[in-house]
Amino acid sequence: VSAAIARAAASPDETICLVGESGTGKEVAAKRVHELAKHSGRFVAISSGSTVIDEALLGRAIGGTLYLDEIERMDRDGQEAVVELLDKNLEIRFIAATTANLEALVSDGHFSGALYARIAERQVEMPSLRQRRSDIPILTQHYLKVAAPERHFDWSATFLEKLLLYDWPLNNKELRAVMQRLTLLEDEIKTLRSAHLPKEIRKRVRQPSDERLRSSAITVHAIPSRDELASLLEKFGGSVAGLAKHYAKDRTQIERWLRRHDLTADDYLSTTSND
């Protein structure tokens, strides 16, 4: 839970506006605010593409949270209706979400200044996935597990590198969709490689500007580089136990690293004879 979301949940009567690109998890964040605030009522989500807020849905939100998605799309009649609801001080926590710069829309006359003043009490910025690349390995594991809880996947270093260097224009939503597609691969595939990624990602991924960026793509997930592991395999004569002792890790973890780097310990077995 981000500090901003936790602080927002701590003020149960405060209207919140979540600002961020499409797919950054604004509705998930809104639900988390609702859960943390321990509202007695329901979480009700409404698409702001319509003019009228359904009264039945509004009634269900009493004592809970009303989430207004893409509020920038709401027409003036709908905006005025929301202002009236806010003025009634109903027992409802209002959370709005937008992908737009509402302040600019107000200046252009395309959004109600009165509504903006009300929902701008607390604005929470939802960062894009490319702004928090270090979250990508954790999210990747999570989405794979959710889509296929019965399967366990490892991945190669180049697979992770592609994920970290891609800009993810549709953010979490796009990453989740890609992982769902990968869970449809044949059951015998245990290690995900860059070749398994969709062609559009492989084509659009930018190349590392230098070796440091390339290395960071691997070390974000605390995985030794391929060269480092190969050097140690040679030093320890292909002994996985030797690597495990060196890194203070169990054998399973070492074997997982080797698979991700497409290394085979047998290729480094010592040929020295014991006469």
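Given the structure is predicted, the values throughout are model-derived calculations rather than measurements.

What counts as what
- Residues numbered from 1 in each chain as written.
- Predicted model: local features only at pLDDT ≥ 70, side-chain atom pairs only at ≥ 80, totals over all residues.
- Heavy atoms only, no water.
- Patch = residues over 30% accessible without salt bridge, like charges linked within 9 Å, V, L, I, M, F, W, Y side chains within 5 Å.
- Areas by Shrake-Rupley, 256 points an atom, 1.4 Å probe, with all protein chains shown as cover.
- Salt bridge = Lys/Arg side-chain N within 4 Å of Asp/Glu carboxyl O.
- Lys, Arg positive; Asp, Glu negative; His and termini not counted.
- Charge placed at Lys NZ, Arg CZ, Asp CG, Glu CD.
- Helix = DSSP H or I, 4+ residues; strand = E, 2+ residues; numbered from the N terminus.
- Buried < 20%, exposed > 50% of the residue type's maximum accessible area, 1.4 Å probe, protein only.
- Pairing = 2+ DSSP bridges.
- Axes fitted to C-alpha atoms, helices over the stretch in contact; angles between N-to-C directions.
- Parallel < 35°, antiparallel > 145°, perpendicular 65-115°, else oblique.
- Contact = heavy atoms within 4.5 Å.
- Nonpolar A, V, L, I, M, F, W, Y, C, P; charged D, E, K, R; others polar.

Engineer: Sorry, what's going on with a negative patch on the surface here?
Structural biologist: There is a patch of like negative charges on the surface, built from Asp75, Asp77, Glu80 and Glu84. One can find Asp75 in the loop between strand S3 (65-69) and helix H4 (76-87).

Engineer: I'm lost on the pattern of salt bridges in this one. Help?
Structural biologist: A side chain with one charge can pair with a side chain of the opposite charge if their charged atoms come near. According to the stated counting rule, one finds 14 salt bridges in the structure shown. Close ionic contact of Arg133 with Asp167 constitutes a salt bridge, the shortest N to O distance being 2.7 Å. Remark: Asp167 occurs in the loop between helix H8 (157-165) and helix H9 (171-182) and Arg133 occurs in the loop between strand S5 (122-126) and helix H7 (136-147); sequence separation between them is 34 residues. Since its relative accessible area comes to 34%, Asp167 is described here as partly exposed. For Arg251, the salt bridge goes to Glu255, with nearest N and O atoms at 3.0 Å. Of this pair, Arg251 and Glu255 are both found in helix H14 (residues 251-260), four residues apart, which corresponds to roughly one turn of the helix. Residue class for Glu255 comes out partly exposed when judged on its relative accessible area of 29%. Connected through salt bridges with shared partners, the residues Asp154, Arg256 and Arg259 form a single ionic network.

Engineer: Even after reading the chapter, I still don't get unusual backbone geometry, so can you show me in this structure?
Structural biologist: Negative phi characterises most residues that are not glycine, and trans characterises most peptide bonds. Unusually for a residue other than glycine, Asn171 sits at a positive phi of about 60°. Within the secondary structure layout, Asn171 lies in helix H9. Notably, Asp262 is not glycine yet its phi reads approximately 55°, a positive angle. Among the structural elements, Asp262 can be located in the segment after H14.

Engineer: How should I be thinking about the pairing of strand S1 (residues 16-20) in this particular structure?
Structural biologist: Consecutive residues of a regular strand have side chains that alternate between opposite faces of the sheet. Where burial is concerned, most of S1 is hidden: five out of the five residues are buried. Burial along S1 is two-sided: Ile16, Leu18 and Gly20 and Cys17 and Val19, pointing in opposite directions, are all buried. As paired strands, S1 and strand S4 (residues 93-98) are joined by four bridges and run parallel to one another. Opposite Leu18, over in S4, you have Ala97 as the bridge partner. Relative to S5, S1 is paired through five bridges, and the arrangement is parallel. Along S5, the bridge assignment pairs Leu18 with Val124.

Engineer: Got a minute to help me understand the packing of helix H13 (residues 240-247) against H14 in this structure?
Structural biologist: Each pair of packed helices gets described by two things: the angle between the helix axes and the distance between those axes. Where H13 contacts H14, the two axes come as close as 9 Å, and the packing angle between them is 105°. Considering their axes alone, H13 and H14 lie roughly perpendicular with respect to each other. Across from Val240, Ala241, Leu243, Ala244 and Tyr247 in H13, the residues of H14 making contact are Arg251, Ile254, Glu255, Trp257 and Leu258. Grouping the constituent residues of the contact of H13 with H14 by class yields eight nonpolar, no polar and two charged.

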